[in-house]
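Structure at a glance
Single-letter residue listing:
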Amino acid sequence: MDQEEHKVILERVKHLKPPSVFLKLVVKEAQGLLAKDANGFSDPYCLLGVMVTEEQQEEEARADSPLPRRRQKAVVKDSIPQDQIQRTEVKKQTLNPIWNETFLLKVEDYRNTELHMDMWDLDVDDPVKLRLGDIHGIVGLRRIFKDVKKAARKHEQDDFLGNVIIKLQHLPYTPEDKWYPLEPCTETYPDRGKCHLQLKLIHEERDTSLSKQEPVFRIHRSLLQQFVQHDKLKKKAEPIQAEMELSTPATTILSLHATQNDLSPFQQDLAKWLAYSKLYRHVEVSFICLLQHLTSIEYQWGLAQVTLQQQDQNELAESFLSFLDYGISLIQKYRDVFPISDPGSVDHQQSLLRVLVQICKMKAFQKLCPAVPDLHDRLVGALKSGTADWYHGQKQLLEPMIKTEEEIVKSLVIFIEHLNVDLMNNRKIWMKIFMGTVKVNLFNTTYRQFQELMAEDIQEQVTSIGGGKSKATVEGLYQLYQKLKQLQHQRIYLLPDDSPLPLHEFHKWFREPLPKWLQMVYNNSVEMVQRAVKKDQLESMGEKTKHSTSAVDIATCFTKIKQTWTELSWPEPEEAFVIMVKLTEDMGKIALMYCRLIEERAEELSFKDIGVKSSDSANGVRSLQLCVVLNNMRQLRQVISKLPTDLDWQGLKEDTANMISVDQIQNTLLTQLETINISINRKIEGVIQSLAQKLQADIKKRIDNLSASNDINIPMVNMVVPLINFLENEFAYMDANLVEENFRSLLGFLWTDIIKIIYSTSHQSNVSQRFHMKLKDALKSLLICFHGEGNGLPLEQLETPAFKDLKAHLSLNAASTQKLIQKFYARKIQQQTANECSKYGAVTIKVFYNNQVKRLHVEILNAVNLTPLDSNGTSDPFVELTLEPKHIFPFVESKTTQRKDNDLNPLFDEVFEFSDVTPEQCRSKGACLLITVFDHDTLLSDDLEGEAYFSLQDVPGLDSTEEELNISRVPQSRLMLGHPKPKEDKILKLLEARKGDKDAQAFIKIRRQREKKSMET
């Protein structure tokens, strides 16, 4: 269109009558409204209308009155004529109403017009009696009074909830859909909730039409095509962007045209698809955008197809078929069209495949194009054809100019490497895309295609070369074997298939040099180890690397052997197993040979040092050499332990699963490895024992000196200092020269020996409490020393069962008499808790503590199922109450109940109070109430019915601040009665051995007397 024609059309449009404008308003819902009714709810409804803005009204009013206008509360009711007010339904009893009502409001001048929406609560003049039943709390009552007062003042009943005022000139040309806060007219309730509105300015002629006119769609599509062509001509120097972005004016015009003509999203996306799907011949197409358009078309196809004319349907079908052919042609040449070097190729190709899949599964495509072949089969055929073309092109490109054996092998190596790289890219990158989108196994297709193509010419060329005449040819053949092996190894990624591959036996070409290569590797390794040990001076290579040079050399030997196995990866499972056994056996021989040689080297160097150095100096050098030997062996064991992983034994098991049993592999390979590790561990233990023997005698000597010291003026902590200083010096030396694992092994060996020494020392006869206290402090200091603040052995390794037994033994023997008595009662309480039934009966009590008067309240209720101890088959029971231990309650006297004659289930119901008992005494360890039931005997001493222990640490009322604890809230406690077992308690035996301790002997006397009356044996 030229400029003159454009001016004529523009003038014609300017003289046309402007269209009538309406505001299309959808009142959707509201949330968080004020509760205006007494029942805590409201009955909201909305009044809607449009009016001139306040600024315009003020300008018009200034001419009539100089006073400013006061804002009215009911804007819609008072300022808009009743015939222009729209009203929604009333939603009963809710603060979150939902309307979804649509209104059309005519607008004269949208630039100076506002939308006013008032929200009200409908109040019906119900009788007071009825409304009183809905009152909820004080707020509801106040609301009733307010309503009565308002009704008396004026006739209107409804309550104002809030309003929304929107200037129409601020609305965009697209529909406005948002939440608006309800504004107050006063500051009484500033937060009045919010309302959800959708607003749109429309033309009367368009929006009142009952159907869409078809020319609008074609006009829109024509506009889009013209804009695309215009942008293309404008940007000839640069291609249109892949996102297919139009210029800003073009996008704006299209959006306005679609909005003003009510073009549905389906029509817009259909127009874009028809326009852009044909641009692949001229510009780069954004497949993502096309996919979005197709998805929208599919989503809306069910209803939209009714309005789609036959011409448009034919055009849509032609666009589907044309784009399918174009997309499949790109997939056929995907290596060139989507190169790996381009970062966006993966996403671009995936988007194309998704577009192809989307087209084929669309209801529109299935209806309009029913006879199209299956997409999966078309893609597989295209991939095979494209792979063959690429294969022949690469082979022709690498064909040597001079066809000698060396050049032919070299070109084959490069060519096979190209195939491997292509297969790897297909498997790691492209296959995921093809499988995830079109369910095509790209790797499977291309790999089998390569196998078929290579079987025709590669095998023939390699067979004609034979073993090779020159060294370069032999090396080239080995490289070719590696490349073919890599290609053949990728068969594991194929889908399961019983049919053999054409190149599955290529390894047979290399059988002849295989045994010689394995033997050569072994011989070279042996010679290398021998040279390394002979040159080794058994000096660490540094502070962090504490092994010597020979350890590095033997690791290098094993690395070469592992590399040989990895490079071979022999395809025949049985032959590969034989190769693995041979390599493992060779490495075991080399490892044991190294251990023997390194020990001999240490002996050799020590003999030289004895002749030229003093005894102490020679011993120091000998220890240092043993440390290096130990580190070397540990390093060797780490290398050996990694053999199953490094040599992929699990893979070998899987490959030979159908030929060699797992037990045979287990008995062969793992037995070999276990034998090697056991032999190396024995060597390591022997060296550790040699190092530990130098320390064991000194440690025992210092422990004996510690236990024999009788100087009471020296603090016990200081007595352990010589032993700890000796160990810290030795540990520092060993830690500096041993690797961490060896150092920990040495510590573990010494720790076990120290436990044995202290245990033996502690079980000597006629030893005192102070003697055990010294050993206890020594054990504690040794634990800290061996732990070394986390740098030594972990606590879980140090705190072995033997250590715990020794610690308990020393703690018990080192404890004071009072502590032992408390431990005794603590154990009795623990036994009482675990005792749920007893053959000696039970006693029921209630105990609580009065915190105000510092008294312990005890109520003896009854006893049941007592043992008959009198000749008449009954008993005369009574209960004795004492607070134990005596050293905690020295001034508390015992209490006794009345005697109940001839009663095995006596009811006592007696209350006792123990005065001057403090909470601290009750919370002491072992603090308890000893309840002893006796059978009264007139002539002889009273017999023991049984005893029970009640802990005072958690007695009710102990932590109470109330003036008086309610006795009814105190639970009853039923305690099982028991009898002490004579001569079985370790604490009593220990107290009995303290002959010079009066407290101990007095306590033992009481307990022994009770044991004599015990029915336990």
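Note that this is a predicted model, so its numbers are computed, not measured. (Residues numbered from 1 in each chain as written. Predicted model: local features only at pLDDT ≥ 70, side-chain atom pairs only at ≥ 80, totals over all residues. Heavy atoms only, no water.)

Let us look at the packing of helix α29 (residues 740-762) against helix α32 (residues 801-814). Axis angle and axis distance: for two packed helices, these are the angle between their axes and the distance between the axes, and together they describe the pair. Direction vectors running N to C along α29 and α32 enclose 30 degrees, while the axes themselves pass 10 Å from each other. Accordingly, the angle class assigned to the pair α29 and α32 is roughly parallel. Our pair here, α29 against α32, has a crossing hand that is left-handed. In contact with W751, I755, I758, Y759 and S762 of α29, α32 contributes A802, F803, L806, H809 and L810. When grouped by side-chain class, the residues that make up the contact of α29 with α32 number 8 nonpolar, 2 polar and no charged. (Axes fitted to C-alpha atoms, helices over the stretch in contact; angles between N-to-C directions. Helix = DSSP H or I, 4+ residues; strand = E, 2+ residues; numbered from the N terminus. Parallel < 35°, antiparallel > 145°, perpendicular 65-115°, else oblique. Left-handed = near helix turned anticlockwise from the far one by under 90°. Contact = heavy atoms within 4.5 Å. Nonpolar A, V, L, I, M, F, W, Y, C, P; charged D, E, K, R; others polar.)

Let us look at unusual backbone geometry. Following E884, the chain continues into P885 via a peptide bond in cis, with omega recorded as -5 degrees. Turning to its location among the elements, P885 is positioned in the loop between β11 (877-884) and β12 (895-896). In this structure, E789 takes a positive phi of about 55 degrees despite not being glycine. In this structure, E789 sits in the loop between α30 (769-787) and α31 (795-798). Residue classification places E789 among the exposed residues on the basis of a relative accessible area of 77%. Unusually for a residue other than glycine, N902 sits at a positive phi of about 50 degrees. Looking at the secondary structure, you find N902 in the loop between β12 and β13 (907-914). A relative accessible area of 49% means that N902 is categorised as partly exposed. (Buried < 20%, exposed > 50% of the residue type's maximum accessible area, 1.4 Å probe, protein only.)

The next point concerns the packing of aromatic side chains. In the structure shown here, the tally under the stated rule is 24 aromatic pairs. Taking 6.3 Å as the distance between ring centres and 85 degrees as the angle between the ring planes, the aromatic pair formed by F731 and F743 counts as edge-to-face. Taken together, the residues F731 in helix α28 (residues 721-737) and F743 in helix α29 connect sequence positions 12 residues apart. Neither F731 nor F743 differs from the other in exposure class; each is buried. Arranged with centres 5.3 Å apart and planes meeting at 80 degrees, the rings of F824 and Y825 form a pair that is edge-to-face. Feature note: the residues W273, F287, F320, F323, Y326 and F365 constitute an aromatic cluster, connected by ring pairs. Positioned above the aromatic ring of F914 is the side chain of K895, whose terminal nitrogen or guanidinium carbon lies 5.6 Å from the ring centre. (Phe/Tyr/Trp six-rings, centres within 6.5 Å; stacked < 30°, edge-to-face > 60°. Lys NZ or Arg CZ within 6 Å of the ring centre and 35° of its normal.)

Right, let's talk about the nonpolar core for a bit. Grouped together as the largest cluster of nonpolar side chains are 122 residues, with contacts concentrated most on M454, F558, L727 and F786. It is helix α22 (residues 573-612) that contributes the most residues to this core, 16 residues altogether. Beyond its immediate chain neighbours, meaning those up to four positions away, M454 contacts Y391, I416, L419, Q459, L484, L487 and L503. Judged by nonpolar contacts, the second largest core, of 53 residues, contains L291, L316, L353 and V438. (Core = buried A, V, L, I, M, F, W, Y, C linked by side-chain atoms within 4.5 Å.)

Here we come to helix α18 (residues 442-465). Compared with an ideal rise of 1.5 Å per residue, which puts 24 residues at 34 Å, α18 spans 33 Å between its outermost C-alpha atoms and is within 8% of the ideal. A455 marks the point of greatest bend in α18, at about 50 degrees. Just beyond α18, the residue with positive phi is G466, at close to 75 degrees. (Expected span 1.5 Å × (residues − 1). Bend = angle between axes of the 7 residues up to and from the residue.)

Under the 1.5 Å per step criterion, the end-to-end length of α28 is 24 Å for 17 residues, consistent within 8% with the ideal 24 Å. Residues L723, I724, F726, L727, F731, M734 and N737 constitute the buried set of α28. Taken around the axis of α28, the buried residues stretch over an arc of 165 degrees, which confines them to a single face. (Arc of directions from axis to C-beta.)

What the rule picks out here adds up to 28 salt bridges. We note a salt bridge from K403 to E399, for which the minimum N-O separation is 3.7 Å. On the basis of relative accessible area, K403 is assigned to the exposed category, the value being 59%. Taking the relative accessible area as the measure of exposure, E399 reaches 38% and is therefore partly exposed. Measuring nitrogen to oxygen at the nearest pair gives 3.6 Å for the salt bridge that ties R596 to E600. Highlighted residues: R596 and E600, both in helix α22, separated by 4 residues, approximately one helical turn. Residue classification places R596 among the partly exposed positions, given a relative accessible area of 41%. (Salt bridge = Lys/Arg side-chain N within 4 Å of Asp/Glu carboxyl O.)

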